[in-house]
Structure formats: C-alpha cells, structure tokens
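Listed here are the chains, written in short residue letters.
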Amino acid sequence: MKITFHGAARTVTGSQHLIEANGRQILLDCGLYQGKRSEAYDRNHKLPFDPSKIDIMILSHAHIDHSGNIPNLVKSGFKGDIYATFATQELCGAMLLDSAHIQENDIEFVNKKRARAGEPPFKPLYTQADAVEALKYFHAIAYDRQVEIMPGVTLAFYDAGHMLGSAIVVLNIEDRETGRDVRLVFSGDLGQPGLPILRDPTPIDRADVLLMESTYGDKKHDDFVDSKRGLAQVIIDTYKRDGKVIIPSFAVGRTQEIVYALHQLAESAKIPRLPIFVDSPLAVNVTAIFSHHPEAYDEETRQFISGHKGMTDPFGFEGLHYTRSVEESKQINFLKGAAVIISASGMAESGRIQHHLANNIEDARNTVLIVGYQGENTLGRKIQEKEEKVKIFGEWYQLRADVQVLTGFSAHADRPNLLKWAGALKKKPVRTFLVHGEDKPLAALAEGLRKEIGFENVDIPDLHQSFGL
Ligand SMILES: [Zn+2]
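Remember, predicted model here, so these are calculated numbers, not experimental data. (Residues numbered from 1 in each chain as written. Predicted model: local features only at pLDDT ≥ 70, side-chain atom pairs only at ≥ 80, totals over all residues. Heavy atoms only, no water.)

Brief notes about the coordination of the zinc ion
Phase 1: For the zinc ion, the full set of protein donor atoms is His61 (NE2), His63 (ND1), His162 (NE2) and Asp189 (OD), at a range of 2.1 to 2.4 Å.
Phase 2: Along the chain, the residues donating to the zinc ion fall in the pattern H-x1-H-x98-H-x26-D. Note that histidine 61 is positioned in the loop between strand E4 (56–58) and helix H2 (64–67) and histidine 162 in the loop between strand E8 (153–159) and strand E9 (167–175), a separation of 101 residues in sequence. (Donors = N, O, S within 2.8 Å, 3.2 Å for Na, K, Ca; no water. Helix = DSSP H or I, 4+ residues; strand = E, 2+ residues; numbered from the N terminus.)

The following block contains the structure:
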C-alpha cells in the first residue's frame, strides 16, 4: 500500500492525495492549485497521475481547493464514482459551474493580452459543459454510515464542522499485500469548534494512518465573541468616515457566518443601519442550498431560527442585499456613503471582489476587512501585509484603505483545537502526515503532536512524495 501527496503539500491549496492498495487507486480530493497565475495554469492542467487509472475519488468538501479540478479529472479520462456527502454534492453543482465560469473569464482576459503580444490563445482549464459532465459521476452518502466502495474497502464520512457538507474521511482497507487491516483517517479541513451554524468536528477514536490539515498549526484564534465585537467596531469606525467595508470571503462558509453575525448585530442595533451587499451569484445559490440542509445546523442556530416566527433563513434580514447580475454588481460602484460589501473569492485571487478592491482601496475612508486565511502570493495576503502598492487586473493600485484582520471567524481549527482533535485518538496513528499548511504551521504542529500528545512518525510530505505503508 502506498500514498502519494500530489497537492496541499507544504501549501494550502490543490488538495490531492493518491492511495494505491490491492492494485486499485483511490484519489482523496481533486482540488485546484491557486497561486501565481502561470504556475497555477500549468499545475492544474497537467494532472500528475493517469486519471483513467483512478478507480474511485473521495471528496472531503466542496471548497474549490479540494474539488475544483474534478471537471478536468473527468475530462481527462476518469470513469469511476466520486463519493461525497449529500450537501457537498449539491454545493458542487453550484460551485463547479461557478468555477468553470471563472476559468472561462480568466482565460478570456489572458488571451486578450496574448493576442496583443501575437501569442496563440490558451484554452480554459475546463468549461461549464465539462463541469456539468463531471456532476454525473457524483455518488452521495450520508454522514456516519459505513459503505463498501470496492472489495475490501469501506468508507465513512463524519462531521468536520468546516463548511456545509464538510467531512472527515475514514477508510478501512484490507491490505492484501500485508494481510493487515489499515484504518486511514483524512481530517479534510477541520472547523473551529463552538462556531455558530454548523456542528463541531467529530472526534475520531482510532487511526493507523492519519492525514491531517495544518493551516493554523502555529496560531490560536481570537474568541468568536471578540471577533463579532471587532466586526461591529470596524463597521462603526468606517461608517463614521463615511467609508465602505470591503470583505473578501469564500462564497461558501465564511460568507454565511459573517452574514449570520451581521444579522444578530443589526437586530440588536449594535451596528448602524447601512446597506450590506453580498455580491456573489454563487453566494445566492449557496444560501438557498443551506436552507435545504437544516439537519446540518447546530443547536444555537436552530434556537435562533425558532425564536423568529416564520423565519427559516438566518441569512436574510432588512438592509441585506444579495446581488446576482453583473449589472447589479456594477451599481454598487456608484453607491455613495457607507456600506458593507462582501464578495468572493476569499483570497481575492479572482471573482468580483477584485473589482471592489480596485474601486475602493485607494480611498483612506474605506476598510478592507480580512476574515479568512490568505495563502502565500495571493492578492489577499499582499493586502493583509499592507504592501504599499498591489497589482489588480495588471494595474498598480496604492493601498490607502485601512486594513483590519479578524481571526475569530476562521473556518479552520486553531492550534489548540487541532491538537485536541488529534489527542482524542485513543489508538495513536502509526504514521501521521501533515498536509494543507505552510512551512511554519506544519513544523509547529508536527512538534506539538510529538511533544504534547506523543505521536511518533510525523511526516511533512513534499509535493509528489510517496510513502509505502
Ligand atoms: Zn476548505
């Protein structure tokens, strides 16, 4: 049995891990790599394995850095089943189409430039038709159910508390080579316990092999309640300057969390009355999908909803506007006075948020509010680090707007909670592989796992590195 790490190795994007056992191949996640444009284009185009040889794909959750290369996988010859939870399957319906739309737009922009330079055009990574085709391969299963996905291999999904539908993947593999049963646990992305809306990550009792995310392996988050207070303060301060608060946010997960917090703040009059825009066609679709899955809400959210007679949507309130069309989105540019604008993508690498940043970051009255993890080399990271000038759509912009960071809305567990989750394994893994993190948090989490909970054999794989199990 063998595992190879083809993505999210010493970085946070492009999650792809290949398991080979009993002459079969199982791919965990097939995410898009995000980063420098030319590098991303090459890496995403050329899959580092033969897709036609993959028997089964298992998807931990719908975020694009885990799911976004599935249409390319299918286009390149994959013919197996893609296992995911019901909510993940439904979310992928909206998210992969949105991603295809972004791919098509991006390449159009690049090709205009190439045409001017007399260079031949690039093809999009995949089209909307490819995304639709890929959806035919999905096979949904519920949480907490053991399903035999091939002879000698069972799969179960458990709540990961990271976004709607997110799962911890548990595989039981009868390894015929060694005659042993191997229990392989892939954390997927783990949520921070105690956050509103979703249930907390499920503690898993045992693992032989553990693949674990490490995004915040070196940091402790602010308390959610403090961050909610911080959100109110940022809005009040910016409102006083008659400025706009611009929030780059993943359309799925964080956007709903921020909207839910704003709902509570507006209702208790802790923020002034001002227009709030969720400018993302995807967020509109996703909000509807959330309302199809009340079974995924936690107790607090259920109580909040039941306290509002006739209200079934925690993501809608007076003053909140969802914009779908490009026309509506452009109207926001002409808006005078204070407002809050939430838009995707979360690391400001693509999507409408780039227009809002281009329009607003040169004005010192405005605030860019960072609420999620910003990967290396992304526009979001450059803004977070307050670089004087940033490039958007190939033009330089002076960063004069205020920049604030709130960590309590994070969809990822922080160091203490990562250690707590790993510490709940009564049978310690024989081998642990840390993925989905940058070098510092990876090293810090590895040390924590060894010293604080006594894990042996903790590895930090390099890209394309293989390990025999
Ligand atoms: Zn995620």
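Focus on the environment of alanine 21
Phase 1: Within the fold, alanine 21 resides in strand E2 (residues 17–21).
Phase 2: Residues alanine 21 and aspartate 175, spaced 154 residues apart in sequence, show a C-alpha to C-alpha distance of 6.5 Å.

Thoughts on the side chain of arginine 183
Phase 1: By the secondary structure assignment, arginine 183 is in strand E10 (residues 180–186).
Phase 2: Accessibility expressed as a relative area gives 8% for arginine 183, which makes it buried.
Phase 3: Engagement of the side chain of arginine 183 in a polar contact is seen with the backbone oxygen of arginine 206, the distance being 2.8 Å. (Buried < 20%, exposed > 50% of the residue type's maximum accessible area, 1.4 Å probe, protein only. Polar contact = N/O pair within 3.5 Å; in protein donor to acceptor, adjacent residues only side chain to side chain.)

A word on the sheet that holds strand E20 (residues 431–435)
Phase 1: Strand order in the open sheet made by the 7 strands is E7-E8-E9-E10-E11-E20-E21, with mixed pairing throughout. Taken across any chain shown, the strands that pair with only one partner, and hence form the sheet edges, are strand E7 (147–150) and strand E21 (458–459).
Phase 2: Judged from the 3 bridges that link them, E10 and strand E11 (residues 209–213) form a sheet pairing that is parallel. Residue leucine 184 lies in a different strand from E11, and its bridge partner there is valine 209.
Phase 3: Packing against the sheet, helix H13 (residues 415–423) makes contact with E9, E10 and E11, and its axis sits at approximately 165° to E11.
Phase 4: The sheet strands contacting helix H14 (residues 439–453) are E11, E20 and E21, and the helix crosses E20 at an angle near 155°. (Pairing = 2+ DSSP bridges. Contact = heavy atoms within 4.5 Å. Axes fitted to C-alpha atoms, helices over the stretch in contact; angles between N-to-C directions.)

Structural notes on empty space enclosed by the protein
Phase 1: Following the criterion strictly, the structure yields 4 cavities of 30 Å³ or more and no others.
Phase 2: Estimates place the volume of the largest cavity at around 120 Å³.
Phase 3: What lines the largest cavity is a set of 16 residues, among which Gly161, His162, Pro196, Leu198 and Glu257 lie closest to the centre.
Phase 4: Class assignment for the residues of the lining of the largest cavity results in 8 nonpolar, 4 polar and 4 charged.
Phase 5: For the second largest cavity, the calculated volume is near 100 Å³.
Phase 6: Lining the second largest cavity are 13 residues, and of these Asp65, Phe250, Met347, His412 and His436 lie nearest its centre.
Phase 7: Here the residues of the lining of the second largest cavity sort into 5 nonpolar, 5 polar and 3 charged. (1 Å grid on protein atoms, 1.4 Å probe; cavity = no way out; pocket = protein on both sides within 12 Å on 5 of 7 lines; lining within 4 Å. Points joined across faces, edges and corners; volume = space filled by probe spheres on them. Nonpolar A, V, L, I, M, F, W, Y, C, P; charged D, E, K, R; others polar.)

Quick look at the packing of aromatic side chains
Phase 1: The full count for this structure, using the stated rule, is 9 aromatic pairs.
Phase 2: Here tyrosine 216 and tyrosine 373 contribute two aromatic rings whose centre-to-centre distance is 5.3 Å and whose plane-to-plane angle is 85°, an arrangement assigned as edge-to-face. Taken together, the residues span a long stretch of sequence, with tyrosine 216 in the loop between E11 and helix H6 (224–240) and tyrosine 373 in the loop between strand E16 (367–370) and helix H12 (379–384) at a distance of 157 residues. Tyrosine 373 shares its class with tyrosine 216; the two are buried.
Phase 3: Measuring from ring centre to ring centre gives 5.1 Å for phenylalanine 290 and phenylalanine 315, while their planes differ by 75°; the resulting arrangement is edge-to-face. (Phe/Tyr/Trp six-rings, centres within 6.5 Å; stacked < 30°, edge-to-face > 60°.)

Here's the deal with the sheet that holds strand E13 (residues 276–279)
Phase 1: Taken in spatial order, the 6 strands of this open sheet run E14-E13-E15-E12-E16-E19, and their pairing is parallel. Edge positions in the sheet fall to strand E14 (320–323) and strand E19 (402–405), since each of these pairs with one other strand and no more. For this sheet the average axis-to-axis angle between neighbouring strands, irrespective of direction, equals 20°.
Phase 2: As defined by bridge partners, strand E12 (residues 244–248) adjoins strand E15 (residues 339–343) across 5 bridges and the pair is classed as parallel. Within the sheet, the bridge partner assigned to isoleucine 247 lies in E15 and is isoleucine 342.

Thoughts on the nonpolar core
Phase 1: Formed by 73 residues in total, the largest nonpolar core has its most connected members in Ile70 and Leu231.
Phase 2: Counting residues per element, this core draws most heavily on helix H4 (residues 86–116), which supplies 7 residues.
Phase 3: Excluding residues that lie within four positions of it along the chain, leucine 231 makes contacts with Ile247, Ala261, Leu262, Leu265, Leu369, Leu406 and Phe409.
Phase 4: Counting residues in each nonpolar core, the second largest holds 29 residues, with Ile3, Val169, Val182 and Leu184 among its members. (Core = buried A, V, L, I, M, F, W, Y, C linked by side-chain atoms within 4.5 Å.)

Side note on a positive patch on the surface
Phase 1: A cluster of basic side chains, namely Lys36, Lys112, Lys113, Arg116, Lys382 and Lys391, defines a positive patch on the protein surface.
Phase 2: Considering every element that reaches the positive patch, the biggest residue donor is H4, with 3 residues.
Phase 3: You can call lysine 382 partly exposed: its relative accessible area is 30%. (Patch = residues over 30% accessible without salt bridge, like charges linked within 9 Å, V, L, I, M, F, W, Y side chains within 5 Å. Areas by Shrake-Rupley, 256 points an atom, 1.4 Å probe, with all protein chains shown as cover. Salt bridge = Lys/Arg side-chain N within 4 Å of Asp/Glu carboxyl O. Lys, Arg positive; Asp, Glu negative; His and termini not counted. Charge placed at Lys NZ, Arg CZ, Asp CG, Glu CD.)

What about unusual backbone geometry?
Phase 1: With an omega of 10°, the peptide bond between alanine 344 and serine 345 qualifies as cis.
Phase 2: Following the sequence through the fold, serine 345 ends up in the loop between E15 and helix H11 (353–360).
Phase 3: Phi angles above zero are rare outside glycine, and aspartate 29 is one such case at about 65°.
Phase 4: Following the sequence through the fold, aspartate 29 ends up in the loop between strand E3 (24–28) and helix H1 (37–45).
Phase 5: Notably, alanine 269 is not glycine yet its phi reads approximately 55°, a positive angle.
Phase 6: With respect to the helices and strands, alanine 269 occurs in the loop between helix H7 (254–267) and E13.

Here's the deal with the packing of H4 against helix H5 (residues 128–135)
The relative placement of two packed helices is expressed as an angle between their axes plus a distance between the axes.
Phase 1: Their axes nearest at 8 Å, the elements H4 and H5 cross at an angle of 155°. By the criterion of interaxial angle, the relationship of H4 to H5 is roughly antiparallel. Note on packing geometry: the crossing formed by H4 with H5 is right-handed. Residues Cys92, Gly93, Leu96, Leu97, Ala100, His101 and Glu104 of H4 form the contact with H5, whose own contacting residues are Gln128, Ala131, Val132 and Leu135.
Phase 2: Across the contact of H4 with H5, the residue classes tally to 7 nonpolar, 3 polar and 1 charged. (Parallel < 35°, antiparallel > 145°, perpendicular 65-115°, else oblique. Left-handed = near helix turned anticlockwise from the far one by under 90°.)

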